[in-house]
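Okay, here's what each chain looks like letter by letter:
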Amino acid sequence: VVITLLTDFGTADGFVAEMKGVLASEAPGATLVDLTHEIPAHDIDAARMALARCWLRFPPGTVHIVVVDPGVGGARKALAVQSRDRFLVGPDNGVLSPALLARDARVVALPVPPDASPTFHGRDVFAPAGARLARGESLATLGHPHVGAVVLRAPEATRHADGTIAGEIVSVDRFGNLITNIAGRPGGTVLIGDAQIPVRRTYGDVADDALVAVPSSNGFLEVALRGVSAAARLGLKRGDSVACTPQG
Amino acid sequence: VVITLLTDFGTADGFVAEMKGVLASEAPGATLVDLTHEIPAHDIDAARMALARCWLRFPPGTVHIVVVDPGVGGARKALAVQSRDRFLVGPDNGVLSPALLARDARVVALPVPPDASPTFHGRDVFAPAGARLARGESLATLGHPHVGAVVLRAPEATRHADGTIAGEIVSVDRFGNLITNIAGRPGGTVLIGDAQIPVRRTYGDVADDALVAVPSSNGFLEVALRGVSAAARLGLKRGDSVACTPQG
Amino acid sequence: VVITLLTDFGTADGFVAEMKGVLASEAPGATLVDLTHEIPAHDIDAARMALARCWLRFPPGTVHIVVVDPGVGGARKALAVQSRDRFLVGPDNGVLSPALLARDARVVALPVPPDASPTFHGRDVFAPAGARLARGESLATLGHPHVGAVVLRAPEATRHADGTIAGEIVSVDRFGNLITNIAGRPGGTVLIGDAQIPVRRTYGDVADDALVAVPSSNGFLEVALRGVSAAARLGLKRGDSVACTPQG
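Keep in mind the model is a prediction, meaning the values are calculated, not measured.

## Looking at the overall build of chain A
A tally of regular secondary structure across chain A gives five helices and 15 strands. Along the longest, intermediate and shortest principal axes, the C-alpha atoms of chain A span 60 × 40 × 30 Å. Looking at chain A as a whole, 60% of its 248 residues qualify as buried. Within chain A, counting contacts between residues at least 6 apart in sequence, those at least 24 apart form 65% of the total. Within the structure as shown, chain A displays about 9,800 Å² of accessible surface, and the carbon and sulfur contribution to it stands at 52%.

## Some words on the pattern of salt bridges
Summed over all chains, the structure comprises 42 salt bridges over all chains. Here A:Lys237 and A:Asp240 are joined by a salt bridge, their closest N and O atoms 3.3 Å apart. For B:Arg123, the salt bridge goes to B:Asp124, with nearest N and O atoms at 2.8 Å.

## A few points about the relation of the copies chain C and chain B
The pair of chain copies shares a relation made of a rotation about an axis and a shift along it. After a rotation of 120° and a shift along the axis of 0.0 Å, chain C superposes on chain B with an RMSD of 0.0 Å. In symmetry terms, the pair is related by a three-fold rotation axis. In terms of proximity to the rotation axis, the leading residue of chain C is C:Thr31, whose C-alpha is 4.9 Å off the axis. When you check the interface residues of chain C against chain B, a mere 11% turn up at the interface there too, and the two sides of the contact use different surfaces.

## Let's talk about the interface of chain A and chain C
Contacts between chain A and chain C engage 27 residues on the former and 28 residues on the latter. Counting the surface lost from both chain A and chain C, the interface buries some 2,300 Å², and carbon and sulfur atoms represent 55% of this. Interface area lost by chain A to chain C is led by A:Arg57, A:Arg174 and A:Phe175, which between them contribute 30%. As a salt-bridge pair, A:Arg53 and C:Glu18 come within 3.2 Å of each other at their nearest N and O atoms. Counting across the interface, chain A meets chain C through 14 residue pairs in polar contact (both at pLDDT 80 or more). Of all the secondary structure elements, the ones that give two or more residues to the side of chain A that touches chain C are strand 2 (31–36), helix 2 (44–54) and strand 13 (211–215) of chain A.

What counts, and at which threshold
- Residues numbered from 1 in each chain as written.
- Chains lettered and ligands numbered in written order.
- Predicted model: local features only at pLDDT ≥ 70, side-chain atom pairs only at ≥ 80, totals over all residues.
- Heavy atoms only, no water.
- Helix = DSSP H or I, 4+ residues; strand = E, 2+ residues; numbered from the N terminus.
- Buried < 20%, exposed > 50% of the residue type's maximum accessible area, 1.4 Å probe, protein only.
- Contact = heavy atoms within 4.5 Å.
- Areas by Shrake-Rupley, 256 points an atom, 1.4 Å probe, with all protein chains shown as cover.
- Salt bridge = Lys/Arg side-chain N within 4 Å of Asp/Glu carboxyl O.
- Least-squares fit on C-alpha atoms with pLDDT ≥ 70 in both.
- Buried area = accessible area lost by both parts, 1.4 Å probe.
- Polar contact = N/O pair within 3.5 Å; in protein donor to acceptor, adjacent residues only side chain to side chain.

Here's what the structure looks like:
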């Protein structure tokens, strides 16, 4: 069984190492896979989007442990979810949204043991629960059914009467590419600030120093600049407005 | 068998990759687990503290390879340690202190092969020794007993006659939380610079923009600011003084 | 079978996680090993050098997936290579050079499925090909033989009539050590800017604040400053000139 880890802990402080120790002890046969520990601190949206990309690519039975948890120790519930034959554990703050949105999602609230650290449920609640799922225990044995889990969605783009689609930048990747919430295909034009940017098939379809928009690997349009950060060049960031006209 | 890696190498230069290649070749059945490679360069204290958090959480038989080694190739010994049913290898500079402090710790000095690079014992001394331990060789076969290994301890807090405890900040985590060397419980007050900070149970027990102290997941008090860096707000760093009064 | 991953993706955006999901699903028995995801964006030379350090240290049968791919989706070929009993997949831009330079290297061009994202061959071309090799499929089944793959080499040092060797800095590691392309041994002198730096055996062979040159763990001379960045002190970077006289 594969157990994945997705956190905003970084690795230097040893928190991730503690969680791995718990998992190695309590689920000795499982394979641990790091998804990332470099989610910006407390950035629930970034975690949700990273999870959305990958959770279904892992095989059935995989256990995803997702800990971006600014409300740790407070009133928010600790959840375990079974969805499309995968399992997920994490706080009830929206990070598990991609799995919660599936029609067959089942959710339980995990009890918090009295000796759990109120500042580190990753180690004391989520890793032990993930280990139990990896060992084959059923979701129902882990807690009571929970209704009303927090679901976050990416903002939706809006189609205007003239065919223009108005959306926004939902993330900026490591390369400085601006990922939007507008689905699109080669042939259109992206409007962002004063720039009119052609939608092409891939990064190399324009001259070296020209902005280009392409369908990203998750289907939404992204704006890129070959070998340089489009975000830095345009001075844009998450949440900024963008539009697209289907024809050039 | 689990082999863990804890270094200050980062990953970009390929040094960690070389060590993993040695381990994959010389201990083919073992499971490699990254603890961290992001210890600040040459920061023995940070490595020691990260190791302290996690080494006993891994199952008996685990081999921890710890390489933060500014004196590589010089006079310092290379060590292998058996302690509380785990094994550790690393330089004799204090990084292995958490395991050396256990009553049953046994220590051998590893011979350095003549063809070992004097700048990379991680690859040529520690990874091969870790692989041998993972394959089931006994500690005694790896080297001669060594007495007087370097042990570093966190500075100890001092209790004054009036009940105040004086300590210091021993680390700052990724979230900007200030970890102290003062054990404590909810109800007291932390004094740091001009600030008087209540000790509560968890981060969310104060208003959003207020400083709070909480018992950290390792039992010592930490000072935090919800969603922001307390270190940046207070202008404090490792080594700075802090005090605690048990009652508010 | 071991499958390694070497990319410039970082981990925060979830691209690496997507690749791992594909591999966990399509090569379920394989062991995934992260070499690094922190290659600077689009830095083919850094990737080539990191790969050169480690690819042969892994056991025969290992599959190395190398994705630093600024030309993704364009005219460059996607390659699979068998070399010295290891397998490698990656773009035809020079990142696979260390394996291509071996006498027994065999190369095929991978077909790109029509539904592959033109911006993410790591997920849609290289991971699936790596999984097939890990499952035991032969290189020949993956594509047609390819001739003329791009090979990049480190710049070669030049020996002058007076015995001086002129070279350059080929990389700067995490510690600020300057790695050169000049092979050398203790006893010589490195000339860099105005500085004359003795070649010794290891970092500690000079006073604490003195520059030292040592044979690096890959055989080439490096310039270091104990506990501090030599690159910052000297104001030097990749590509800058350096020379060495064999005698001091």
